[in-house]
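# Structure at a glance
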Amino acid sequence: MDVYKLVTLFAFAISIAMLLYQFFKLISAGNPVDYSKPSGSIRDGVIYSFTTAMSPFEKESAYMHLPTYVAGIIFHIGTFFSFPVLLILIIYPNIFIGSDILTYMFGIAFFAGAFSGLLILVKRIVKKELRSISGADDYISNFLTTVVQALSAFVLFSGNVYPLYFIAFSLLLIWIPIGKTRHLLYFFFARYHLGAFYGRRGSWPVKQKNNE
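Residues numbered from 1 in each chain as written. Predicted model: local features only at pLDDT ≥ 70, side-chain atom pairs only at ≥ 80, totals over all residues. Heavy atoms only, no water.

## As for the environment of Leu19
Along the chain, the position of Leu19 falls in helix H1 (residues 3-29). Looking at Leu19, the relative accessible area reads 12%, which means it is buried. For the pair formed by Leu19 and Gly45, sequence separation is 26 residues and the distance between their alpha carbons is 27 Å. Not counting the four nearest positions on each side in its chain, Leu19 is found in contact with Ile176, Pro177, Arg182, Leu184 and Leu185. (Helix = DSSP H or I, 4+ residues; strand = E, 2+ residues; numbered from the N terminus. Buried < 20%, exposed > 50% of the residue type's maximum accessible area, 1.4 Å probe, protein only. Contact = heavy atoms within 4.5 Å.)

## Observations concerning unusual backbone geometry
Cis geometry is adopted by the peptide bond preceding Pro205, which originates at Trp204 and carries an omega value of -5°. Mapped onto the secondary structure, Pro205 falls in the segment after helix H8 (183-200).

## Comments concerning the side chain of Arg200
By secondary structure assignment, the location of Arg200 is in helix H8. Among the polar contacts listed, one links the side chain of Arg200 to the backbone oxygen of Asp34, at a separation of 3.3 Å. Not counting chain neighbours up to four residues away, the residues in contact with Arg200 comprise Asp34, Ser36, Pro38, Ser39, Gly40, Ser41, Ile42 and Gly195. (Polar contact = N/O pair within 3.5 Å; in protein donor to acceptor, adjacent residues only side chain to side chain.)

## So, the pattern of salt bridges
Tallied over the full model, the rule gives 6 salt bridges. A salt bridge links Asp34 to Arg201, with the shortest nitrogen-to-oxygen separation between them at 2.7 Å. Remark: Arg201 occurs in the segment after H8 and Asp34 occurs in the loop between H1 and helix H2 (42-50); sequence separation between them is 167 residues. A salt bridge links Asp138 to Arg124, with the shortest nitrogen-to-oxygen separation between them at 3.8 Å. (Salt bridge = Lys/Arg side-chain N within 4 Å of Asp/Glu carboxyl O.)

## Considerations on the packing of aromatic side chains
Throughout the structure, instances matching the rule amount to 15 aromatic pairs. Pairing Phe197 with Tyr198 gives two aromatic rings, centres 5.0 Å apart and planes at 85°, and the pair type is edge-to-face. Clustering of aromatic rings is evident, with ring pairs tying together Tyr48, Phe197, Tyr198 and Trp204. (Phe/Tyr/Trp six-rings, centres within 6.5 Å; stacked < 30°, edge-to-face > 60°.)

Right, dumping it as structure tokens:
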């Protein structure tokens, strides 16, 4: 195994260790104490939080930016699949050779993800209202994730694994538990607490009003 793969595996181990540390800190914190009298179901609120509440039409303004919402979904799907593909390319580097279906399926997904990430990045730079609330972390996280997906697509379509691919992925892995990319862990806790909070108060699930 060459040095680039070893460095990437080392970065992977560091990233997992740091995320596990944050995970156990969140678990040990427990649920916040709520002294209010319950008027709804926590269970129903949590289910709603992870399902219907994720719809752009249930969010405050996402329905007004549907192209960006869709691009974000594609971007996250590509990011999700990039990690198992990385491990596959390290352990079984020739698995995609001769497999046109796998190559094109993942390659197109990564290309679409990288293109979506680039569009989101450009929008953040161009639009003044987004630029005013953006910090270095926003740009670094988007840039690293977009580059990794672009290189993943290039590696699959070219049939060759290049050192730059492992270098870029190593940087992303180290950045994940440091930057906003760690929301891949905090997302689940945040959605759970939102659902529990509003479910207990009977606000979630949102009850549709009948037109009279």
